[in-house]
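Listed below, chain by chain, are the residues.
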Amino acid sequence: MWDVVVAPLVFLTLMLGGGAIGGWLAERRAQTNTGKNPNEIKLGAWTTNRLAGSSAANALTRARIATHGILAMHRKETIYFFASQDDLGNPLDPDHDWEIRGRGFDCRWWSFTLYDEEDQLIESPSRRYSVHSDNVAPEADGSYRIVISRADPGVANWLAAGNARKLMVTIRLYNPSQAVLDDVRSVGLPSIRQRDKGPAA
Amino acid sequence: MIVLTGLLAGVAFGFATYWLRLYRLPILLMAGAEKRLLSIRSTGSNTFHHGRAPTHKSRQIVMPSPDLVYSSCVYDLAAGDLVISGQLPPEGHYWSLSLYAHNTDNYFVLNDRELPARSFSITVSRKNRGKVGSIKSPTRTGIALIRMIQRKPDDLPGIQASQQSIRCGVVKA
C-alpha cells in the first residue's frame, strides 16, 4: 500500500508544493535582479527601460515588453515612458480627474497617449487619443497641462478616460537628442497629480 | 528521503518552468501578433498590409500609437530573401522601417533622416550577404513595420502615396 499508493502520492504532493516554491523563488530572483538592473529606470511616476526592443534585453524585460508593448522600437528611434500611478504612488483611478504638467522634450516629436486596462486606446468623443507636439495647446509660459477625466473638463488638452477600469499614460519621444540618449534622467518628465477634490485614489 | 527528494525535484521543476515560460512568452505573443496581422489581410505572408491610424476599435496589437499610420508585413524567409523598397512620404514626415525577430527583438530600424534620398530598398536575409542594404534576420519569420506620423488629416494623401509605392517580394538566394 505504501509503495504503490501513499509514497507516489506523497512524492507528487511534495513535488507540486516544491514546484510552487521553486516558481516563486525564480520570480523573486528575476524581480530582484531587475530592481538592480541599471537599465530599468524609475523617474517619479514614470518608468522606462533602456533595453526595450533591444536584442540585449534580458528575458524578463523582453517578456514585459512583449506583454505590454509588443513591436516597441529600439531606444535610438523611440524612448517610451509609462505611468499608471501619480507622483504620490496612487493608481490612476479613472473615477478621478488627473492633471499632467510639464514642458516639451528634447526630441524630434513627442506624444502622450492614454490606454485602458487592456493596453488599448479609449473611446473619446473628440476622437483625440493623444496630445502631441503638434496639437498641444501650450500655457502662456510655454508649459503644457493635460487633463485626464471621464467627462469633458472644458480644457484644450483633454485625454478622455471613457469607460476604462484602469489607466496608463505613455510618453513617446521620437528620435531623442543625443543628450537624452546619453542620460535619460535629463529628459525632464512631467508631474501627475489628482485634479478633482475627491478622496485620494 | 522521499520527502527531501520530492521537495527538491519540485523546486527544480518550478524554477525551470518559470524560466522556460519567461523565455517562451515573447515567442508565443509574437506568433499571436503575426497571426492577427495575417488575419486582417487575404494575401498571406511577404506582402504589405496598409492600415490607417489606429482608433479605439483597433485591437490587433497592444498599445498602438494613434498618431502613426502603419504598413506591416509578416515575413517568412523559407523561400528566399525578402526585398522591400518604396518611396518615402513628403519631406518633414517622420518615417521609419523596423524589423522584428520572432522573439520580438527590434533588430533593425531605419528612419527618413538616415536615408540619402526619399526612397529606400533593403534585403532581409537569413545569411549575412555582406552587401549595403542587406539585413540579416536572426529568425526565419518576423514582422516588418513601416511607421509614418500623421500630424493632421491633410497629411493622408502623401502618406497613402508612400504606402502604395511599397514593393515587397521574395528572391531566391
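Description of the structure in this document.

About the criteria used
Residues numbered from 1 in each chain as written. Chains lettered and ligands numbered in written order. Predicted model: local features only at pLDDT ≥ 70, side-chain atom pairs only at ≥ 80, totals over all residues. Heavy atoms only, no water. Helix = DSSP H or I, 4+ residues; strand = E, 2+ residues; numbered from the N terminus. Contact = heavy atoms within 4.5 Å. Buried < 20%, exposed > 50% of the residue type's maximum accessible area, 1.4 Å probe, protein only. Pairing = 2+ DSSP bridges. Buried area = accessible area lost by both parts, 1.4 Å probe. Salt bridge = Lys/Arg side-chain N within 4 Å of Asp/Glu carboxyl O. Polar contact = N/O pair within 3.5 Å; in protein donor to acceptor, adjacent residues only side chain to side chain. Core = buried A, V, L, I, M, F, W, Y, C linked by side-chain atoms within 4.5 Å.

Describing the environment of A:Pro176
Residues and elements named next belong to chain A.
Turning to step 1, where the next piece is worked out: Mapped onto the elements of the fold, Pro176 is located in strand β9 (residues 168-176).
Turning to step 2, where the next piece is worked out: Pro176 sits 98 residues away from Thr78 along the chain, and the two C-alpha atoms are 6.8 Å apart.
Turning to step 3, where the next piece is worked out: If sequence neighbours within four positions are ignored, Pro176 has contacts with Arg75, Lys76, Glu77, Ile79, Asp106, Cys107 and Leu181.

Things to note about the pairing of strand β5 (residues 107-115) of chain A
Residues and elements named next belong to chain A.
Turning to step 1, where the next piece is worked out: Across the nine residues of β5, nine count as buried, placing the element largely inside the fold.
Turning to step 2, where the next piece is worked out: The pairing of β5 with β9 spans eight bridges and is antiparallel. Note on β9: the bridge partner recorded for Thr113 is Thr170.
Turning to step 3, where the next piece is worked out: Pairing geometry for β5 and strand β6 (residues 130-132), over three bridges, is antiparallel. Residue pairing in the sheet places Thr113 in a bridge with Ser130 of β6.

Section: the interface of chain A and chain B
Turning to step 1, where the next piece is worked out: Listed by partner, the interface residues are 55 residues for chain A and 54 residues for chain B.
Turning to step 2, where the next piece is worked out: For the pair chain A and chain B, the summed buried area comes to about 4,800 Å², and 65% of that belongs to carbon and sulfur atoms.
Turning to step 3, where the next piece is worked out: For chain A, the biggest contributors to the area lost against chain B are A:Ile70, A:Leu71 and A:Arg108; these three give 16% of the whole.
Turning to step 4, where the next piece is worked out: Between A:Lys76 and B:Glu114 there is a salt bridge whose closest N-O contact spans 2.8 Å.
Turning to step 5, where the next piece is worked out: The tally of links from chain A across to chain B stands at 14 residue pairs in polar contact (both at pLDDT 80 or more).
Turning to step 6, where the next piece is worked out: Going through the elements one at a time, α1 (2-36), α2 (59-69), β5, β6 and β9 of chain A are the ones with two or more residues in the side of chain A that touches chain B.

What about the side chain of A:Glu77?
Turning to step 1, where the next piece is worked out: With respect to the secondary-structure elements, A:Glu77 resides in the loop between α2 and β3 (78-83).
Turning to step 2, where the next piece is worked out: In this structure A:Glu77 comes out as buried when scored by relative accessible area, which is 0%.
Turning to step 3, where the next piece is worked out: Within the local environment of A:Glu77, its side chain forms a polar contact with the side chain of A:Lys76, the two groups lying 3.4 Å apart.
Turning to step 4, where the next piece is worked out: In this view, A:Glu77 contacts A:Leu173, A:Tyr174, A:Asn175, A:Pro176, B:Tyr94, B:Ser96, B:Val109 and B:Asn111; residues no more than four positions away in its chain are not counted.

Overview of the sheet that holds strand β1 (residues 49-50) of chain B
Residue and element names in this part refer to chain B.
Turning to step 1, where the next piece is worked out: Strand order in the open sheet formed by five strands is β1-β2-β8-β4-β5, and the pairing between neighbours is antiparallel. With one partner strand each, in any of the chains shown, β1 and β5 (106-111) form the two edges of the open sheet.
Turning to step 2, where the next piece is worked out: In terms of strand pairing, strand β2 (residues 68-76) meets strand β8 (residues 141-149) through nine bridges, oriented antiparallel. In the sheet register, Val69 faces β8, and the bridge partner there is Met148.

Re the nonpolar core
Turning to step 1, where the next piece is worked out: A:Trp46, A:Phe81, A:Phe105, A:Phe112, A:Ile148 and A:Leu173 are the most contacted members of the largest nonpolar core, which has 33 residues in total.
Turning to step 2, where the next piece is worked out: At the level of elements, β1 (40-43), β3, β4 (98-102), β5, β7 (144-149), β9 and α3 (178-182) of chain A are the ones that each hand at least two residues to this core.
Turning to step 3, where the next piece is worked out: With four residues, the single largest contributor to this core is β5(A).
Turning to step 4, where the next piece is worked out: Ignoring sequence-local partners within four residues, the contact set of A:Ile148 consists of A:His96, A:Asp97, A:Trp98, A:Ile100, A:Leu114, A:Leu159, A:Ala161, A:Leu167 and A:Val169.
Turning to step 5, where the next piece is worked out: One finds B:Phe48, B:Tyr75, B:Leu82 and B:Ile84 within the second-largest nonpolar core, a separate group that totals 25 residues.

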